[in-house]
Amino acid sequence: MAFPDRIERTVEIAHPPAKVWAALTTAEGLSAWFGDKAGIDLRPGGSAWMTWEGGHSADMRVERVEEPTVFGFTWRMAGLPEDDARRTYVEFTLEPVDGGTRLTVVETGFAQLPDDVHREEYAGHTEGWARELGELVDHLDAAS
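Counting restarts for each chain, with residues numbered from 1 along the sequence as it is written. The model is predicted, so local features are restricted to residues of pLDDT at least 70 and side-chain atom pairs to those at 80 or more, both for listing and for counting; the totals for chains, interfaces and linings are taken over all residues. Excluding hydrogens and water, the side-chain figures rest on all heavy atoms present in the structure.

**Things to note about the packing of aromatic side chains**
When we look at a pair of aromatic rings, we describe it by the centre distance and by the angle of the planes.
Phase 1: Aromatic contacts are taken between Phe, Tyr and Trp rings whose centres are within 6.5 Å, Trp giving its six-membered ring; a plane angle under 30 degrees counts as stacked, one over 60 as edge-to-face, and the others as tilted. As enumerated under the stated definition, the model contains 12 aromatic pairs in all.
Phase 2: A centroid spacing of 5.5 Å and a plane angle of 50° characterise the contact between Phe 34 and Trp 129, whose relative ring orientation is tilted. In this pair, Phe 34 is assigned in the loop between helix 2 (27-33) and strand 2 (37-40) and Trp 129 in helix 3 (residues 115-142), connecting sequence segments 95 residues apart. Both residues of the pair, Phe 34 and Trp 129, belong to the buried class. Helix numbering and strand numbering both begin at the N terminus, where a helix is a DSSP run of H or I of at least 4 residues and a strand a DSSP run of E of at least 2. For the exposure calls, accessible area comes from a 1.4 Å probe over protein chains only, and a residue counts as buried if that area is under 20% of its type's maximum, exposed if over 50%, partly exposed in between.

**A word on the nonpolar core**
Phase 1: Residues Leu 24, Trp 75, Phe 92, Leu 103 and Leu 136 are the most contacted members of the largest nonpolar core, which totals 34 residues.
Phase 2: If we ignore the near neighbours within four places in the chain, the residues touching Leu 24 are Leu 30, Trp 33, Phe 71, Phe 92, Leu 94, Leu 103 and Leu 136. Here the nonpolar core consists of buried residues drawn from Ala, Val, Leu, Ile, Met, Phe, Trp, Tyr and Cys, with membership extended through side-chain atoms lying within 4.5 Å. Contacts are residue-level and defined by heavy atoms, with any inter-residue pair within 4.5 Å sufficient.

**A short note on helix 3**
Phase 1: Between its first and last C-alpha, helix 3 extends 40 Å over 28 residues, near the 40 Å set by a 1.5 Å rise per residue.
Phase 2: On its buried side, helix 3 packs onto strand 1 (6-13), helix 1 (17-25), helix 2, strand 5 (70-76), strand 6 (87-97) and strand 7 (100-108). Expected span of a helix: the number of residues minus one, times 1.5 Å.

**Overview of the pattern of salt bridges**
Phase 1: Think of a salt bridge as a Lys or Arg side-chain nitrogen and an Asp or Glu carboxyl oxygen that are within 4 Å of each other. Inspection of the entire model under this criterion finds 12 salt bridges.
Phase 2: In this structure, Arg 119 engages Asp 115 in a salt bridge whose closest nitrogen and oxygen atoms are separated by 3.8 Å. Linking Arg 119 with Asp 115, this pair stays in helix 3, spanning 4 residues, or about one helical turn.
Phase 3: For Glu 127, the salt bridge goes to Arg 131, with nearest N and O atoms at 2.7 Å. Remark: Arg 131 and Glu 127 occur in helix 3; sequence separation between them is 4 residues, near one turn of the helix.
Phase 4: With relative accessibility at 45%, the residue Glu 127 sits in the partly exposed group.
Phase 5: Residue Arg 131 is classed as partly exposed on the basis of its relative accessible area, which comes to 38%.
Phase 6: Where salt bridges share partners, they join Glu 12, Glu 95 and Arg 102 into one cluster.

**A look at the environment of Asp 141**
Phase 1: Relative to the helices and strands, Asp 141 is located in helix 3.
Phase 2: A C-alpha to C-alpha distance of 8.1 Å links Asp 141 and His 15, two positions 126 residues apart in sequence.

Structure below.
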């Protein structure tokens, strides 16, 4: 049996794509809903990072920027050694719809992970994207 490789979540957000784009692609936006602090160099090959209270951090590499419709990055999985080159790819797609934006996030690359890491990271990210997208919506609603 093959490992699941893909997580996909879609949410309708009652805000215009430009506002959602800013929440996904700026340090201020990311630190308001995703991490506690963030930095981003918004260009393909640029670096990005987030930190959370409690010491957890994520280093990302910006892979795709097609403003205002597609933003993608890669990041390292927590269960792998620091020098391991394997990363998953996260892509956000924004589509204007009546009354706001349809946002789809897809994360792929889990099948390359070892058994024990795959189980923990896939389950954690599956639950995490549902929670984080809820936090994104809450943030955008509160900022209105």
